[in-house]
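# Observations on the three-dimensional arrangement
Residue-level listing of the chains:
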Amino acid sequence: MKARVKLVEERTFVGESGSGHKVVLGTAFGPEGRTPGPSPMELVLLGTGGCSAYDVVHILEKSREAVEDCVVELDADRAEKEPRVFTRIHMHFIVKGRALSRDKVKRAIDLSIEKYCSATAMMAKTAEITHDFEVIDTMAR
């Protein structure tokens, strides 16, 4: 896997993935506290949520569950001193679909966090990772 990050102006960078996708990232600067894009650590947290959400949807689809939506809300704390690694990450999954099996959703989330998600495996080296979930049945509407 390859990637490239280039400075474009004061504390603003453009990252380009090996697959050609670009994202602006940076931290606040200047008198207005302008933020050109997410910070690198926000991207790490987003990547962790994205990695696990991808797994959950994939596992549920393989189980023939009718998944219509999957949201992961993340809440995290970082160390106060450098390096400011994540020390706690809570992941709240909201999975929507038609007559989803609550047990299969729980199993998919557990498998992602405990076995398949590379990002959560890395984050677990410094952070306590917890999770919970809710299932919303779209047939009940």
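Read on for a plain summary of the structure.

What counts, and where the lines are drawn
Residues numbered from 1 in each chain as written. Predicted model: local features only at pLDDT ≥ 70, side-chain atom pairs only at ≥ 80, totals over all residues. Heavy atoms only, no water. Helix = DSSP H or I, 4+ residues; strand = E, 2+ residues; numbered from the N terminus. Contact = heavy atoms within 4.5 Å. Pairing = 2+ DSSP bridges. Axes fitted to C-alpha atoms, helices over the stretch in contact; angles between N-to-C directions.

## Some words on the environment of Leu111
- By the secondary structure assignment, Leu111 is in helix 2 (residues 102–116).
- For Leu111 and Glu16, which are 95 residues apart along the polypeptide, the C-alpha to C-alpha distance reads 30 Å.
- Non-local contacts of Leu111, meaning those with residues more than four positions away in its chain, are made with Ile59 and Tyr116.

## A short note on the sheet that holds strand 1 (residues 3–9)
- Read across the open sheet, the three strands follow the order 1-2-3; overall the sheet is antiparallel. Each having just a single partner strand, strand 1 and strand 3 (22–26) make up the two edges of the open sheet. The average undirected angle you get between the axes of adjacent strands in this sheet is 25°.
- Relative to strand 3, strand 2 (residues 12–17) is paired through five bridges, and the arrangement is antiparallel. For Val14, the partnering residue across the bridge sits in strand 3 and is Val24.

Function-wise, these values are silent; they only describe arrangement.
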